[in-house]
Amino acid sequence: MTDAMTGADLHFYFDPVCPFAWMTSKWVRLVAAQRDYSVDWRSISLRLVNADVDYAAHFPPDYEAGHTAGLRLLRVVERTRRQHGASAVGPLYAAMGRRIFDSEPGAPDGPPDQDCRGTAPFLTPILDEAALPASLVEALEDSSLDSAIQAETDRALALAGKDVGTPIIHFRPPQGVAFFGPVISRMPSEESAGELWDHVVGLAGFPGFAELKRSLRELPQLRALGLGDDDIGVEEDWHGGSRRARR
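**Student:** What exactly am I supposed to notice about the layout of surface pockets here?
**Tutor:** Taking a probe equal in size to a water molecule and rolling it over the atoms shows the remaining empty space. Quantified by volume, the largest pocket comes out at close to 990 Å³. Along the walls of the largest pocket sit 30 residues, with Phe180, Pro182, Val183, Leu212 and Lys213 positioned nearest its centre. Elements with a minimum of two residues in the lining of the largest pocket: strand 4 (178-180), helix 8 (190-204) and strand 5 (216-218). Its residues assigned to classes, the lining of the largest pocket shows 18 nonpolar, four polar and eight charged.

**Student:** What is the right way to look at the packing of aromatic side chains in this model?
**Tutor:** Two numbers describe a pair of aromatic rings. These are the distance of the centres and the angle of the planes. Under the counting rule described, the total for this entry stands at ten aromatic pairs. Plain terms: the ring middles of phenylalanine 14 and tyrosine 93 are 3.8 Å apart, the flat faces sit at 15 degrees to each other, and that makes the pair stacked. One end of the pair, phenylalanine 14, is in strand 1 (residues 10-14); the other, tyrosine 93, is in helix 5 (residues 89-101), and 79 residues separate them in sequence. Both residues of the pair, phenylalanine 14 and tyrosine 93, count as buried. Feature note: the residues Phe12, Phe14, Trp22, Trp41 and Tyr93 constitute an aromatic cluster, connected by ring pairs. Taking NZ or CZ as reference, arginine 29 lies 4.3 Å from the ring centre of tryptophan 41, over its face. Just above the ring of phenylalanine 20 sits the side chain of arginine 217; from NZ or CZ to the centre is 4.8 Å.

**Student:** I keep staring at the pairing of strand 1 and nothing clicks. Help me out?
**Tutor:** In regular strands, side chains alternate between the two faces of the sheet. With five of five residues buried, strand 1 is to be regarded as a mostly interior element. On strand 1, burial covers both faces: Leu10, Phe12 and Phe14 on one face and His11 and Tyr13 on the other are all buried. Sheet topology places strand 1 next to strand 2 (residues 39-43); five bridges connect them, and they run parallel. Across the sheet, residue histidine 11 finds its bridge partner in strand 2, namely aspartate 40. Between the parallel elements strand 1 and strand 2, the chain passes through helix 1 (residues 19-35) in a crossover that is right-handed. Sheet analysis places strand 1 next to strand 3 (residues 168-171), joined by four bridges and oriented antiparallel. Pairing of tyrosine 13 across the sheet is with isoleucine 168, part of strand 3.

**Student:** Which parts of the structure should I look at to understand helix 6 (residues 120-129)?
**Tutor:** Each turn of an α-helix holds 3.6 residues, which means side chains three or four residues apart point in the same direction. Within the sequence span of helix 6, burial applies to Phe122, Leu123, Ile126 and Leu127. The buried side chains of helix 6 occupy one side of the element, clustering within an arc of 120 degrees when seen end-on. Across helix 6 from its buried face, at more than 90 degrees, point the exposed residues Pro121 and Asp128. On its buried face, helix 6 is in contact with helix 4 (63-84) and helix 5.

**Student:** I keep staring at unusual backbone geometry and nothing clicks. Help me out?
**Tutor:** Leaving glycine aside, a negative phi is the common case for residues, and trans is the common case for peptide bonds. Going from proline 173 to proline 174, the amide bond is cis rather than trans, its omega being 5 degrees. Here proline 174 lies in the loop between strand 3 and strand 4. The omega torsion across glycine 181 and proline 182 is 0 degrees, close enough to zero to call that bond cis. By secondary structure assignment, the location of proline 182 is in the loop between strand 4 and helix 8. The backbone phi angle of aspartate 36 is positive, close to 60 degrees, even though this residue is not glycine. Structurally, the position occupied by aspartate 36 is in the loop between helix 1 and strand 2. Among the residues examined, aspartate 36 registers a relative accessible area of 68% and is labelled exposed. At arginine 172, a position not held by glycine, the phi torsion is positive, near 55 degrees. Its location among the elements puts arginine 172 in the loop between strand 3 and strand 4.

**Student:** Would you mind showing me how to read the pattern of salt bridges here?
**Tutor:** Pairs may arise between side chains of opposite charge once their charged atoms sit close together. Taken as a whole, this structure holds 13 salt bridges when the rule is applied. A salt bridge links arginine 81 to aspartate 40; its shortest N-O distance comes to 3.6 Å. Placement of arginine 81 in helix 4 and of aspartate 40 in strand 2 is noted, with a sequence separation of 41 residues between them. As far as the burial class goes, arginine 81 and aspartate 40 line up, both buried. Glutamate 141 is the salt-bridge partner of arginine 72, the closest N and O atoms lying 2.7 Å from each other. Of this pair, arginine 72 sits in helix 4 while glutamate 141 sits in the loop between helix 6 and helix 7 (146-160), and the two are 69 residues apart along the sequence. Overlapping salt bridges bring together Asp40, Arg42, Glu78 and Arg81 as one network.

Analysis parameters
Residues numbered from 1 in each chain as written. Predicted model: local features only at pLDDT ≥ 70, side-chain atom pairs only at ≥ 80, totals over all residues. Heavy atoms only, no water. 1 Å grid on protein atoms, 1.4 Å probe; cavity = no way out; pocket = protein on both sides within 12 Å on 5 of 7 lines; lining within 4 Å. Points joined across faces, edges and corners; volume = space filled by probe spheres on them. Helix = DSSP H or I, 4+ residues; strand = E, 2+ residues; numbered from the N terminus. Nonpolar A, V, L, I, M, F, W, Y, C, P; charged D, E, K, R; others polar. Phe/Tyr/Trp six-rings, centres within 6.5 Å; stacked < 30°, edge-to-face > 60°. Buried < 20%, exposed > 50% of the residue type's maximum accessible area, 1.4 Å probe, protein only. Lys NZ or Arg CZ within 6 Å of the ring centre and 35° of its normal. Pairing = 2+ DSSP bridges. Right-handed = clockwise from strand over helix to strand, strands pointing away. Arc of directions from axis to C-beta. Contact = heavy atoms within 4.5 Å. Salt bridge = Lys/Arg side-chain N within 4 Å of Asp/Glu carboxyl O.

Listed below in structure tokens is the structure:
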């Protein structure tokens, strides 16, 4: 069953600065191509999820700037949706993710500093790659779009609960199963991508199932983090869903 309003087989809620959302999105795109699923790419802001959190006390130093940059980029996502339709959001997110995470560290077009990702110089080449007008950079400063992002964020949290992060996936909406994650640090092969999907959806869809969790996570296999496709990242404890300084 697909969403009657959007025609999508699944809704994927993302924040463009989340590396784990990006890893999962690449896997979902692979599965969608294999299974002929349509995806509606939707906003969830980590900055708004953590609106009441003391960043200085709970997060590493770069988190607030990164989450704020993500909110600014989501403003562009929402204006893109309004002006160019939902079908334009997927290519835009793909261009954002490639620029942020799939660039070699230190390369001229590599990942910018945390506080640069929500700026016009960062965004302009992304819009060009996604075949979108450069005038969309103006949305970075348009805080009136935050209410729409908040509504999408609230919708995602209503599906999966509040003690979650990104991404959130809603399969076969509106009645289908929704869940946070899966959080993956390695990209599945083409042969194993569908098998992993079936396992995840099967477990999440079991009546009464709530959680299967490890807070230990490998650094994702992303070039921006210095890891190639065959590298295994250092394992860290992401208690509370992030590398919090304290609980």
